[in-house]
Amino acid sequence: MSIDLTRLSADEYNRIQSGEMTPAMAAEYLRGEHIIPRDFGDILRGLYPADDIQFRLTTAFSVDSDPSAANRKVYNWLSGKNVPSNREDIFRIAFALDLSEGQANYLLGFCTSYGIHYRDGRDVVYAWFLRTGGAYAEAKEFFESLPPVPALSRACDGVRVTQQLKNAFFLAQTTDDLRRCYLENLEKFGQLHLRAFSYFDRYMAQLIHPVSDV
């Protein structure tokens, strides 16, 4: 699912992307009030505009925690006071509100540095259950029944592997298919973190020993 920007956001994005701003202009732009941020509560209500949003989320998070604590947590989210602290909670919200895989991807992207990652075992399993209309408890139980990802020694072509995994899991029709696909691709999981470390290592090396463009 593609996420369409609002007209205001699109105009601001095009202005910044045009490259016509000098560094001084960009700094002044950021100090101004041109960017109108949306808080997490706005995002949730945009994805799920029904009036029972707080009830559904509180019910979902009360399963394994104190109802009053769950209600307070949900209230803080909806009022924009804070955002979920981990990806597990974000997926749980997606299941509670019957969001699509694309909507969950958008929500993850808003709260974290990336959306659904198909080289992460938990992400790919939860995405499959969202796509097929499963429940959070089913997805969690299924994932916990799978073997751990083996240690990796080197990173591979991230884009190629991600697309391969996404295509493979999209073809899975049943939980048996999902398990078989997961086990067949087990050694490809974890590349997200290994590749990220590789980029970080190269970035640090450049900071320590910068190479002049001259």
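Details of the structure are given in the entry above.
Residues numbered from 1 in each chain as written. Predicted model: local features only at pLDDT ≥ 70, side-chain atom pairs only at ≥ 80, totals over all residues. Heavy atoms only, no water.

(A) Broad picture of the packing of helix α6 (residues 87-96) against helix α7 (residues 101-111). α7 packs onto α6 with a crossing angle of 145° between their chain directions and a minimal axis gap of 10 Å. For the pair α6 and α7, the sense of crossing is right-handed. Together, Arg87, Ile90, Phe91, Ile93 and Ala94 of α6 and Ala104, Leu107, Leu108 and Cys111 of α7 make up the contact between the two elements. Split by residue class, the contact of α6 with α7 holds eight nonpolar, no polar and one charged. (Axes fitted to C-alpha atoms, helices over the stretch in contact; angles between N-to-C directions. Helix = DSSP H or I, 4+ residues; strand = E, 2+ residues; numbered from the N terminus. Left-handed = near helix turned anticlockwise from the far one by under 90°. Contact = heavy atoms within 4.5 Å. Nonpolar A, V, L, I, M, F, W, Y, C, P; charged D, E, K, R; others polar.)

(B) Fine view of the packing of α6 against helix α8 (residues 121-131). Close contact between α6 and α8 brings their axes to 11 Å; oriented N to C, the two are set at 5°. Between α6 and α8, the angle is such that the two are roughly parallel. Of α8, the residues touching α6 (which contributes Arg87, Glu88, Phe91, Ala94 and Phe95) are Arg122, Asp123, Tyr126, Ala127, Phe129 and Leu130. (Parallel < 35°, antiparallel > 145°, perpendicular 65-115°, else oblique.)

(C) Structural context of helix α11 (residues 175-184). What α11 keeps buried is the set Leu178, Cys181 and Tyr182. Viewed along the axis of α11, the buried residues span an arc of 100°, placing them on a single side of the element. For α11, exposure combined with an orientation more than 90 degrees from the buried face picks out Asp176 and Glu184. (Buried < 20%, exposed > 50% of the residue type's maximum accessible area, 1.4 Å probe, protein only. Arc of directions from axis to C-beta.)

(D) Quick peek at the environment of Ser85. If you trace the backbone, Ser85 turns up in the loop between α5 (67-78) and α6. A residue is classified by how much of its surface remains accessible, and Ser85, at 69% relative accessible area, is exposed. Between the C-alpha atom of Ser85 and that of Cys111, which follows or precedes it by 26 residues, the distance is 8.5 Å. Within polar-contact distance, the side chain of Ser85 engages the side chain of Asn86 at 3.4 Å. (Polar contact = N/O pair within 3.5 Å; in protein donor to acceptor, adjacent residues only side chain to side chain.)

(E) View of unusual backbone geometry. Even without being glycine, Asp98 reaches a positive phi, approximately 55°. For Asp98, the location among the structural elements is in the loop between α6 and α7. Taking the relative accessible area as the measure of exposure, Asp98 reaches 57% and is therefore exposed.

(F) Inspection of the packing of aromatic side chains at higher detail. Here the structure, examined in full by the defined rule, presents eleven aromatic pairs. Ring centres 5.1 Å apart and planes at 80° place the aromatic pair Phe91 and Tyr126 in the edge-to-face group. Taken together, the residues Phe91 in helix α6 and Tyr126 in helix α8 connect sequence positions 35 residues apart. In terms of burial, Phe91 and Tyr126 fall into one category: buried. Here the aromatic rings of Tyr126 and Tyr136 are separated by 6.0 Å at their centres, their planes lie at 70°, and the arrangement is edge-to-face. Placement of the pair is Tyr126 in helix α8 and Tyr136 in helix α9 (residues 136-144), with a sequence separation of ten residues. For Tyr126, a relative accessible area of 0% gives the class buried. A network of ring pairs unites the aromatic residues Phe40, Phe61, Trp77 and Phe110 as a single cluster. Above the face of the Phe61 ring, Arg92 is positioned so that its terminal group lies 5.0 Å from the ring centre. (Phe/Tyr/Trp six-rings, centres within 6.5 Å; stacked < 30°, edge-to-face > 60°. Lys NZ or Arg CZ within 6 Å of the ring centre and 35° of its normal.)

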